[in-house]
Amino acid sequence: MGPHITKAVIPAAGLGTRFLPATKAIPKEMLPVVDKPAIQYVVEEAVNAGLEDILMIVGRNKNALANHFDRVTELERNLEVKEDTARLERVNYPTDLADIHFVRQGDPKGLGHAVLRARRHIGDQPFAVLLGDDLIDARDPLLATMIAEQERRNATVIALMEVDPDQIHLYGAAAVERTDNPDVVKVVGLVEKPDRADAPSNLAIIGRYVLRPEVFEILEKTEPGKGNEIQLTDALQTLAADDSIAGGVYGVIFRGRRYDTGDRLDYIKAIIQLAVDRDDLGPDLRRWVKQFASGLSDHIEGPGTGH
Ligand code: G1P
């Protein structure tokens, strides 16, 4: 058994260029998904898995993120005077969720570099990393399974999901071997964003990782890779290639609902998918979507590109 995990790292220093100009003055993690900023779903997911010490790796627009998880006394007073307790609860909820810490990434040199910025806060313990572009439906818990697997094997654990082979170039791809558990594989190789022809499989890394602290040492020595960035995938490949460093890498296969908010089309889909299931908005939205879609049926012009 490995030590118990209590800390989560959320890299949130991306420039959000795909959403410009919406992300000119606010981080993309603050874009609303229905009525909550994307980052709040991710923090809630960490807390639901028992991780209440959260470190966000932030860029120059950090203020909006810090403010979202802080008190806003003026707004609270205003809602108190109006006795609007429902809204008051929604305003206060993110404040009480977790202990949230911030560190700046400075010069953004890739995901591996962002994770390395967590070294001092994490120390010598295993920890989780959650990427804000991937939202995992709270009804399909993934992180708790990964943490249990990490604690059992004392290894590195990543989340993998089958994707269409046409989409694998957007992800880290894994070469895997079976274990005695059909939902867990041994990862024997990893490649960041391979061309379809070079991909070892159509198992894509999705943005949840449970890492051992040895990863920091490896990241220190990892040279820039794809896109001239220091890639977390490359550091994990080093760990997958040699079990003696930190017990190897295992993948938990996720078969649940995942929403991608990193790209404009998928972001719109995520909002609709989440809103149709809500009690307050779902019934009206479902009715409207059906009506709207029936009016569209004559306009479909062949397959979209997805990204
Ligand atoms: C990152 C990782 C990639 C992973 C993806 C999951 O890429 O580098 O390996 O598959 O997240 O969302 P990004 O999407 O940040 O470019």
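Residues numbered from 1 in each chain as written. Predicted model: local features only at pLDDT ≥ 70, side-chain atom pairs only at ≥ 80, totals over all residues. Heavy atoms only, no water.

Caption draft 1: View of the pairing of strand E10 (residues 184-192). Counting buried positions along E10 gives seven out of nine residues, so the element sits mostly inside the fold. Judged from the seven bridges that link them, strand E9 (residues 172-178) and E10 form a sheet pairing that is antiparallel. Note that in E10 the partner of Glu-177 across the bridge is Lys-186. Bridge count between E10 and strand E12 (residues 249-253): four bridges; the pairing is antiparallel. Bridging from a neighbouring strand, Val-187 pairs with Val-249 of E12. (Buried < 20%, exposed > 50% of the residue type's maximum accessible area, 1.4 Å probe, protein only. Helix = DSSP H or I, 4+ residues; strand = E, 2+ residues; numbered from the N terminus. Pairing = 2+ DSSP bridges.)

Caption draft 2: Quick peek at the nonpolar core. In this structure, Ile-39, Val-43, Ile-54, Met-56 and Leu-143 are the most contacted members of the largest nonpolar core, which totals 44 residues. Residue contacts for Ile-39: discarding those within four places in its chain leaves Ile-10, Ala-12, Glu-29, Met-30, Met-56, Leu-65 and Phe-69. (Core = buried A, V, L, I, M, F, W, Y, C linked by side-chain atoms within 4.5 Å. Contact = heavy atoms within 4.5 Å.)

Caption draft 3: Structural detail: the pattern of salt bridges. All chains considered together, the criterion is met by 25 salt bridges. Between Arg-119 and Glu-220 there is a salt bridge, and its shortest N-O distance comes to 2.9 Å. Of this pair, Arg-119 sits in helix H6 (residues 119-122) while Glu-220 sits in helix H8 (residues 214-221), placing them 101 residues apart in sequence. You can call Arg-119 partly exposed: its relative accessible area is 29%. (Salt bridge = Lys/Arg side-chain N within 4 Å of Asp/Glu carboxyl O.)

Caption draft 4: Representation of empty space enclosed by the protein in the model. Following the criterion strictly, the structure yields one cavity of 30 Å³ or more and no others. Empty space within the largest cavity amounts to approximately 50 Å³. Surrounding the largest cavity, Lys-28, Glu-29, Leu-31, Val-33, Ala-38, Gly-132, Asp-133, Thr-261 and Tyr-267 form its lining. A breakdown of the residues in the lining of the largest cavity according to their chemical character gives four nonpolar, two polar and three charged. (1 Å grid on protein atoms, 1.4 Å probe; cavity = no way out; pocket = protein on both sides within 12 Å on 5 of 7 lines; lining within 4 Å. Points joined across faces, edges and corners; volume = space filled by probe spheres on them. Nonpolar A, V, L, I, M, F, W, Y, C, P; charged D, E, K, R; others polar.)

Caption draft 5: The layout of surface pockets, seen in detail. Volume-wise, the largest pocket comes out at about 1,200 Å³. Considering the residues around the largest pocket, the lining is formed by 39 residues, among which Arg-18, Lys-28, Leu-131, Asp-133 and Lys-193 are closest to the centre. For the lining of the largest pocket, the secondary structure elements donating two or more residues are strand E1 (7-12), helix H5 (111-116), strand E11 (203-211), helix H9 (232-241) and strand E13 (258-260). Of the residues forming the lining of the largest pocket, the biggest block, four residues, is contributed by E11.

Caption draft 6: Just the site of the ligand, in detail. Around the ligand, the structure places Leu-111, Leu-131, Asp-134, Tyr-171, Gly-172, Glu-192, Lys-193, Ile-205, Gly-207, Tyr-209, Gln-231 and Thr-233. With respect to the ligand, the side chain of Asp-134 contributes an N or O atom lying 2.9 Å from an oxygen atom. Interatomic distance of 2.7 Å between a backbone N/O atom of Ile-205 and an oxygen atom of the ligand. Starting from 380 Å² of accessible surface for the ligand in isolation, the protein chains cover 79%. Placement of the ligand is best described as lying within the largest pocket. Top element by residues in the shell around the ligand is E11. It accounts for three residues. Here the shell around the ligand is composed, by residue class, of five nonpolar, four polar and three charged. (Near = heavy atom within 4 Å. Polar contact = N/O pair within 3.5 Å; in protein donor to acceptor, adjacent residues only side chain to side chain. Areas by Shrake-Rupley, 256 points an atom, 1.4 Å probe, with all protein chains shown as cover. Sits in = over half its atoms within 2 Å of the grid points.)

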